[in-house]
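# Structural description and commentary
The primary structure of each chain is shown beneath.
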Number of protein chains: 2
Amino acid sequence: MTLGSLMRSEIGEQPAVLAHATRNHAEAQQVGELLRRSPPRFVLLAARGTSDHAALYAKYLLEVRLGVPAGLASPSTLTVYEARPDLRDVLLVAVSQSGGSPDLVETALRARACGARVLAVTNAPASELASVDLHVDVQAGVERAVAATKTYSAELLALWLVVEAWRGGDVRRAEGVSEEAARHVDRSAEVAALAADLARYLDGNRLVCTARGYSYPTAREAALKLMETAYLSAHAFSSADLMHGPIAMISRQLPVLAIAPAGAGATALAPVLASLRERESELAVLGANAYRAPGELGYTLREVDEDLSPITDIVPLQLLALETALARGLDPDRPRGLAKVTRTW
Amino acid sequence: MTLGSLMRSEIGEQPAVLAHATRNHAEAQQVGELLRRSPPRFVLLAARGTSDHAALYAKYLLEVRLGVPAGLASPSTLTVYEARPDLRDVLLVAVSQSGGSPDLVETALRARACGARVLAVTNAPASELASVDLHVDVQAGVERAVAATKTYSAELLALWLVVEAWRGGDVRRAEGVSEEAARHVDRSAEVAALAADLARYLDGNRLVCTARGYSYPTAREAALKLMETAYLSAHAFSSADLMHGPIAMISRQLPVLAIAPAGAGATALAPVLASLRERESELAVLGANAYRAPGELGYTLREVDEDLSPITDIVPLQLLALETALARGLDPDRPRGLAKVTRTW
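Read on for a plain summary of the structure. Source: prediction; values computed, not measured.

### Quick notes on the sheet that holds strand β10 (residues 297–300) of chain B
Residue and element names in this part refer to chain B. Taken together, five strands build an open sheet; the order of strands is β7-β6-β8-β9-β10 and the sheet is parallel. Because the sheet does not close on itself, it has two edges, and the strands there are β7 (233–238) and β10. Put simply, the sheet's adjacent strands are angled 15° from each other on average, direction ignored. The sheet contact formed by strand β8 (residues 256–260) and strand β9 (residues 283–287) spans five bridges and is parallel.

Pasting the structure below:
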């Protein structure tokens, strides 16, 4: 079998997965409407790995679109330290592809025992996590590659649909995401060329991804894909955090990949891009044309609604990780020492 | 002037700073007692860089010791996206050495306009942030080195004192931290030897720090110090997150530094240490003797209360960053492109 064929095939399934989930949004809409009728005061999000980046995306949606304060849970406080916080009026959102990681199941059960309602967002409606309380199935179909791709974009879409229904918005606004994902898949050759160009700067096995706002989860997820398939030490920083220390390590031996789709996030990112250019960093920008400089490596993103943009911006970055792994002679379908379902306690 | 003499001198000031702040705890105690009388339902923590790790430490204290749900704020939601969440019953804790970063000041002001109470924890009682609402001065004295050291441990102590007073505990339990910090400073030569040994594995300019629970902020702060002074691509992962993907990149070219003071966090970390040893990773453990293996690089931590341990465990790690920078011919007092106060928007 060709190296990485599983991962490539599942990246390519995303237009169909997103089209299916956009049409079949009744479950997400019902959960959103229920939360609209009896909203929590505060949302805690619990997840690991790729799903943690979906949770971070949801945090931005909840705060910006809904005005509900939200935070990422530290599962160890409930499990390792057996904390019993007062979680009345709290919604715990647990995001997990498999629905099976013991520490997440335990976190959900303990949160409920402390008074929280629990919403599980999984790709496994028969899992233990899915049965705790409210559940939304992300409907991505069986994912076989170890590196999660289609379950990530499907998690983002499911979370977007819940929040949009919760705020009484128009869930039909998501109807374009499937086509947008398809456009990215059609540009695979362009991403492969970018990966080949970028490879010249990856002698040190190091990379920094940066973004601001809605795209920060995209930068985190891109870095994770590059870590687990191409074994790069790929850091992700919000551009504000990058300036508070890590910027010191940036040099020509440490390239920077910025994610800058059109929107307020990229407007806030722009001064950091200017600063990186002043330092003569090796910079590649995956973003709107306005944020790309002539002659710089990059990939142009069409303008879409900024809150929906992360659902599809990840597609070229998944392809970039795949192509970078292949160019380094690695099989992205067999990351060293990883299994599909990680069980942590 | 000797390279790194500012940073070394401020690391060495920590026993005196902690002794002074432990004795002069009236302000922290008053704020804690006030919060005990009228507690918030939720806490949001806002900070950048080193102070963000102090905020993360506070999150564990709040959830584990107090049972108050807490989350790290994403300042961009209030500033870049101008979200107006309902923050009644919320305490926003802003942690900042300088009290001067515009996005933090803006976050604090906007949070208050949305109904939150604001507690600023700073080393700058005359700063704009300190004047917003409640304030605790961390009393570290002027910090001149760009890499924050004494303000970090002082922030942790101030946050611990507030939480301990809030829960009606015994703030005198902190009386040993100054002596414990002094013991670490006295072991500087031992840390220098560890840095020299570790240097053999740092050809790739890469390192991973890992820990669980209360020590996760310590791992994050150690990684930041190594990034900003020694220009290493130093990642930090909670040991649970490490297993969800990044573990794939670990190889003999990518050493791992684990932080494992005695306590529930290290008990949960132990299986991950075993897994790293099975993979024949280059592992160094800064921790209790029970978590160190014969012949492995490391540094032994005496047993202290786990919740207080991060205040002093960071001292040998600050020294490790300093010595690693010096061994690489860098001046930790002049990190490339950093100023003492970072202003981000």
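That shown, we press on.
### Let's talk about the nonpolar core
Grouped together as the largest cluster of nonpolar side chains are 115 residues, with contacts concentrated most on Val43, Val93, Leu119, Cys209 and Ile311 of chain B. When residues in this core are grouped by element, the largest group, 12 residues, is from helix α7 (residues 150–166) of chain B. When neighbours within four sequence positions are excluded, Cys209 of chain B is seen to be in contact with Ala219, Ala222, Ala223, Leu226, His235, Ala236, Phe237 and Leu257 of chain B. Leu45, Ala47, Val146 and Leu207 of chain A belong to the second-largest nonpolar core, a separate cluster that totals 114 residues.

### Notes on the relation of the copies chain A and chain B
Screw-axis analysis of chain A against chain B gives a translation of 0.0 Å along the axis, an RMSD of 0.0 Å, and a rotation angle of 180°. Between the two chains, the operation in question is that of a two-fold axis. Relative to the rotation axis, the closest C-alpha in chain A is found at Gly71 of chain A, a distance of 2.0 Å. An overlap of 99% is found between the interface residues of chain A and their copies at the interface of chain B, pointing to a shared contact surface.

### With respect to the packing of helix α10 (residues 216–230) of chain A against helix α13 (residues 309–327) of chain A
All names here are of chain A. Direction vectors running N to C along α10 and α13 enclose 20°, while the axes themselves pass 9 Å from each other. Considered as vectors, α10 and α13 are oriented roughly parallel to each other. As α10 packs across α13, the resulting crossing turns out to be right-handed. Facing α10, whose interface residues are Thr218, Glu221, Ala222, Lys225, Leu226, Thr229 and Ala230, α13 presents Pro310, Asp313, Ile314, Leu317, Ala321, Thr324 and Ala325. Considering only residue class, the contact of α10 with α13 consists of eight nonpolar, three polar and three charged.

### Let's talk about the pairing of β8 of chain B
Sheet faces and side chains relate simply in a regular strand, where the side chains alternate between the two faces. Residue and element names in this part refer to chain B. The buried count for β8 comes to five of five residues, which makes it a mostly enclosed element. Alternating positions in β8 separate into two faces, Val256, Ala258 and Ala260 on one and Leu257 and Ile259 on the other, with burial throughout. In this sheet, β8 lies alongside strand β6 (residues 206–211) in parallel orientation, the contact comprising three bridges. Directly across from Thr210, in β8, lies its bridge partner Ala258. The parallel pair β8 and β9, bridged by helix α12 (residues 264–278), forms a crossover whose chirality is right-handed.

### Quick word on the interface of chain A and chain B
In this assembly, 71 residues from chain A lie in contact with 72 residues from chain B. Summed over both partners, the interface of chain A with chain B comes to about 5500 Å²; 56% of that surface belongs to carbon and sulfur atoms. Per-residue buried area on chain A facing chain B is highest for Arg41, Tyr81 and His244 of chain A; these three make up 13% of the total on that side. Applying the counting rule to chain A against chain B returns six salt bridges. For Asp89 of chain A, the salt bridge identified is with Arg41 of chain B, shortest N-O distance 2.9 Å. Here chain A and chain B share 34 residue pairs in polar contact (both at pLDDT 80 or more) between them. In terms of residue class, the side of chain A that touches chain B is made up of 35 nonpolar, 21 polar and 15 charged.

### Describing the packing of aromatic side chains
Scanning all chains against the criterion turns up five aromatic pairs over all chains. Seen from their ring centres, Phe42 of chain A and Phe42 of chain B are 4.2 Å apart, and the 5° between their planes marks the pair as stacked. With one member in each of two chains, Phe42 of chain A in strand β1 (residues 42–46) and Phe42 of chain B in strand β1 (residues 42–46) form a pair that bridges those chains. For Phe42 of chain A, a relative accessible area of 0% corresponds to the buried category. Centroid distance Tyr60 of chain B to Tyr214 of chain B: 6.2 Å. Interplanar angle 50°. Geometry classified as tilted. Here Tyr60 of chain B is found in helix α4 (residues 49–66), whereas its partner Tyr214 of chain B is found in the loop between β6 and α10 (216–230), with 154 residues between them in sequence. In this structure an aromatic cluster arises from ring pairing among Tyr60 and Tyr214 of chain A together with Tyr81 of chain B. The ring of Tyr299 of chain A carries the charged tip of Arg187 of chain A above its face, separated from the ring centre by 3.8 Å. The ring of Tyr231 of chain A carries the charged tip of Arg336 of chain A above its face, separated from the ring centre by 4.1 Å.

### Some thoughts on helix α6 (residues 102–113) of chain A
The first and last C-alpha atoms of α6 of chain A sit 16 Å apart over 12 residues, in line with the 16 Å expected at 1.5 Å per residue. The complete set of buried residues in α6 of chain A reads Pro102, Asp103, Leu104, Val105, Thr107, Ala108, Arg110 and Ala111 of chain A. Its buried side turned inward, α6 of chain A meets β1, α5 (75–78), β3 (90–96) and β4 (117–122) of chain A together with α11 (239–243) of chain B. Gly115 of chain A sits one or two positions beyond α6 of chain A and adopts a positive phi of about 110°.

### Digging into the pattern of salt bridges
All names here are of chain B. All chains considered together, the criterion is met by 52 salt bridges over all chains. Measuring nitrogen to oxygen at the nearest pair gives 3.5 Å for the salt bridge that ties Arg334 to Asp331. Asp331 sits in the buried class, given a relative accessible area of 17%.

### Considering the pairing of strand β5 (residues 134–137) of chain A
Residues and elements named next belong to chain A. Here β5 shows no split at all, with Leu134 and Val136 on one side and His135 and Asp137 on the other all buried. Examined bridge by bridge, β4 and β5 share four bridges and lie parallel to one another. What sits directly across from Thr122, in β5, is Asp137.

About the cut-offs
- Going along each chain's sequence as written, the residues are numbered from 1 onward.
- Starting at A for chains and at 1 for ligands, labels are handed out in the order in which the entities are written.
- Per-residue local features are limited, in this predicted model, to residues with pLDDT of at least 70; the limit for side-chain atom pairs, both in listing and counting, is 80 or more; totals at the level of whole chains, interfaces and linings are taken over all residues.
- Only hydrogens and water are set aside when side-chain values are computed; all heavy atoms of the structure are taken into account.
- Only when DSSP finds a minimum of two bridges between them are two strands counted as paired.
- Labels follow the DSSP assignment, with helices taken as runs of H or I lasting at least four residues and strands as runs of E lasting at least two, numbered in each case from the N terminus.
- Only C-alpha atoms enter the line fits that serve as axes; for helices the fit covers just the stretch in contact. Angles between N-to-C directions range over 0 to 180 degrees.
- Grouping buried Ala, Val, Leu, Ile, Met, Phe, Trp, Tyr and Cys residues that are joined through side-chain atoms within 4.5 Å yields what is termed a nonpolar core.
- Under the scheme applied here, a residue whose accessible area is under 20% of the maximum for its type counts as buried, over 50% as exposed, and between as partly exposed, the area being computed with a 1.4 Å probe on protein chains only.
- Note on contacts: a residue pair is in contact if any heavy atoms of the two residues lie within 4.5 Å.
- All copies are superposed by least squares; the fitting set is the C-alpha atoms of residues with a pLDDT of at least 70 in both.
- Orientation labels follow simple angle bins: below 35 degrees gives roughly parallel, above 145 gives roughly antiparallel, 65 to 115 gives roughly perpendicular, and whatever is left gives oblique.
- A clockwise turn of the near helix away from the far one marks a right-handed crossing, whereas an anticlockwise turn of less than a right angle marks a left-handed crossing.
- Any residue outside Ala, Val, Leu, Ile, Met, Phe, Trp, Tyr, Cys, Pro, Asp, Glu, Lys and Arg is labelled polar, Gly included; the first ten of those are nonpolar and the last four are charged.
- Here, the term right-handed applies to a crossover whose path from the first strand over the helix to the second runs clockwise when the strands point away from the viewer.
- Buried area, as used here, totals the accessible surface that two parts lose on assembly, with accessibility defined by a 1.4 Å probe and the loss added over both.
- Take a side-chain nitrogen of Lys or Arg and a carboxyl oxygen of Asp or Glu: if they are within 4 Å of each other, that pair is a salt bridge.
- Here a polar contact is recorded for every N or O atom pair within 3.5 Å, except that within protein the pair must consist of a potential hydrogen donor and a potential acceptor, and residues adjacent in sequence are included only if both atoms are side-chain atoms.
- Between the rings of Phe, Tyr and Trp (Trp by its six-membered ring), a pair exists once the centres lie within 6.5 Å; its type follows the angle of the planes, with under 30 degrees stacked, over 60 edge-to-face, and the other angles tilted.
- For a lysine, the NZ atom is tested; for an arginine, the CZ atom; a charge sits over a ring if that atom is within 6 Å of the ring centre and within 35 degrees of the ring normal.
- Under the convention used throughout, the expected extent of a helix is 1.5 Å for every residue step, that is, one less than its residue count.

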